[in-house]
Amino acid sequence: MKIRSTSDEFGIFIEDLDLRTIPDTDFPALRSAIIQSGVGVIRDQLLTPADLVSFAERFGKVEYGVRGEFQHPDNPDVYVISNIVEDGKPLGNPNDGFAWHTDLSFLEHPTAFTFLYAVETPTSGGNTEFASAALAYDRLPAARKPELDGMLVCHSYKRLHTTRKNARALTEEELRRMPDVIHPMVRTHPDTGRRALYLGPNTSVPIGMTDEAGLALMDELMEFTVDPAYRYVHVWKPGDLVVWDNRTMVHRATEYDKINERRLMHRTTVKGERPV
Ligand SMILES: [Fe+2]
């Protein structure tokens, strides 16, 4: 296993390994390298949905998707993101993740790790961009930190859902399962002790602020975090697996030609701790 950096700031390429057979003795170093760098890119893998889930399970407890409709037919722990329609039925969610966010921040115990595996990729676009919210916290002017350190933010699945294109109405049961949750604006990583802004999607609002002021603050912090000078852009090839730590990273997908191109991605996520 060889590790090299994608940039000076965060992100690594991990080479010369087969994720299906990585020995227990090598796994702690791999996990630790991914946590330290925020994003790990592992190319040329041949992973069935079951292989993807087995690898993810080595990092922790795999989460079920919130909505059942885009689960992989062979494995409910794999969520499918795709624009492909077969026999009139979409293979996956075509509209997921085009705004900057961290995964499933609206859960009480939000996602720690996301595993995204490329099965089919478009000839251009459909990239995934990453920025580090830990680096952003470090880069903030010192005078701003005390105020942000004390803030709490409401993350709402209901509110996020209403912003989605063609969203169907949530059922009573889904609403009961997905109450709004409150997380700190600045969280401390349980393994490294590093502090990071914890920015949800652009529907999270700090407690005690109006929607207008709160959303403006969250937008400002996200814009600061995703400064193009501090991004890693992953251009996908089939067989790529990218693993990232949502406790320090934000990400988004970029658009592509959904009419003429095909994109098929498999995603699995591992549950994290309550942010503190
Ligand atoms: Fe995402």
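Just above sits the structure.
Only a predicted model underlies this, so the values are computations on that prediction, with no experimental measurement involved. (Residues numbered from 1 in each chain as written. Predicted model: local features only at pLDDT ≥ 70, side-chain atom pairs only at ≥ 80, totals over all residues. Heavy atoms only, no water.)

### Quick word on helix α1 (residues 27-37)
Every α-helix carries 3.6 residues per turn, so stepping three or four residues along brings you back to the same face. Residues of α1 that are buried: Phe 27, Leu 30, Ala 33, Ile 34, Ile 35 and Ser 37. Of the surrounding elements, those touching the buried residues of α1 are β1 (2-5), β2 (12-15), β3 (39-42), α2 (49-57), β8 (111-120) and β16 (241-245). Just past α1, the residue Gly 38 takes up positive phi, approximately 95°. (Buried < 20%, exposed > 50% of the residue type's maximum accessible area, 1.4 Å probe, protein only. Helix = DSSP H or I, 4+ residues; strand = E, 2+ residues; numbered from the N terminus. Contact = heavy atoms within 4.5 Å.)

### Re the coordination of the iron ion
Each protein donor to the iron ion is listed here as His 101 (NE2), Asp 103 (OD) and His 251 (NE2); together their distances run 2.1 to 2.2 Å. Between consecutive donor residues of the iron ion, the sequence gaps follow H-x1-D-x147-H. Of the two residues, His 101 sits in the loop between β7 (89-90) and β8 while His 251 sits in strand β17 (residues 249-253), which places them 150 residues apart along the sequence. A single burial state applies to His 101 and to His 251, both of which are buried. (Donors = N, O, S within 2.8 Å, 3.2 Å for Na, K, Ca; no water.)

### So, the pattern of salt bridges
Applying the stated criterion across every chain yields a total of 20 salt bridges. For Glu 15, the salt bridge is made with Arg 4, and the minimal N-O distance between the two is 2.9 Å. Of this pair, Glu 15 sits in strand β2 while Arg 4 is found in strand β1, placing the two residues eleven residues apart along the sequence. As a salt-bridge pair, Asp 103 and Arg 267 come within 3.9 Å of each other at their nearest N and O atoms. Of this pair, Asp 103 sits in the loop between β7 and β8 while Arg 267 sits in strand β18 (residues 264-271), and the two are 164 residues apart along the sequence. Here Asp 103 matches Arg 267 in class, with each residue buried. Each of Arg 187, Asp 245, Arg 247 and Glu 273 takes part in one network of salt bridges that share partners. (Salt bridge = Lys/Arg side-chain N within 4 Å of Asp/Glu carboxyl O.)

### Considering the sheet that holds β17
On the basis of which strands lie adjacent, the open sheet formed by three strands has the order β15-β9-β17 and antiparallel pairing. Sheet topology places β15 (231-234) and β17 at the edges, where each strand pairs with a single neighbour. Taking each pair of neighbouring strands and ignoring which way they run, the sheet shows an average axis angle of 20°. As judged from the four bridges shared by strand β9 (residues 128-132) and β15, these two strands associate in the antiparallel manner. Residue pairing for β15: Thr 128 is matched across the bridge by His 234. (Pairing = 2+ DSSP bridges. Axes fitted to C-alpha atoms, helices over the stretch in contact; angles between N-to-C directions.)

### Description of the packing of aromatic side chains
With the rule as written, the count across this model stands at ten aromatic pairs. Seen in terms of ring centroids, Phe 55 and Phe 115 are 5.9 Å apart; in terms of plane orientation they differ by 85°. Their pairing is edge-to-face. Placement of the pair is Phe 55 in helix α2 and Phe 115 in strand β8, with a sequence separation of 60 residues. Here Phe 55 falls in the buried class, since its relative accessible area comes to 2%. For Phe 115, a relative accessible area of 0% translates into the label buried. An aromatic cluster is present here, built from Phe 27, Phe 55, Phe 59, Phe 113 and Phe 115 joined pairwise through their rings. Arg 139 extends its terminal NZ or CZ atom over the ring of Phe 224, reaching a point 4.2 Å from the ring centre. (Phe/Tyr/Trp six-rings, centres within 6.5 Å; stacked < 30°, edge-to-face > 60°. Lys NZ or Arg CZ within 6 Å of the ring centre and 35° of its normal.)

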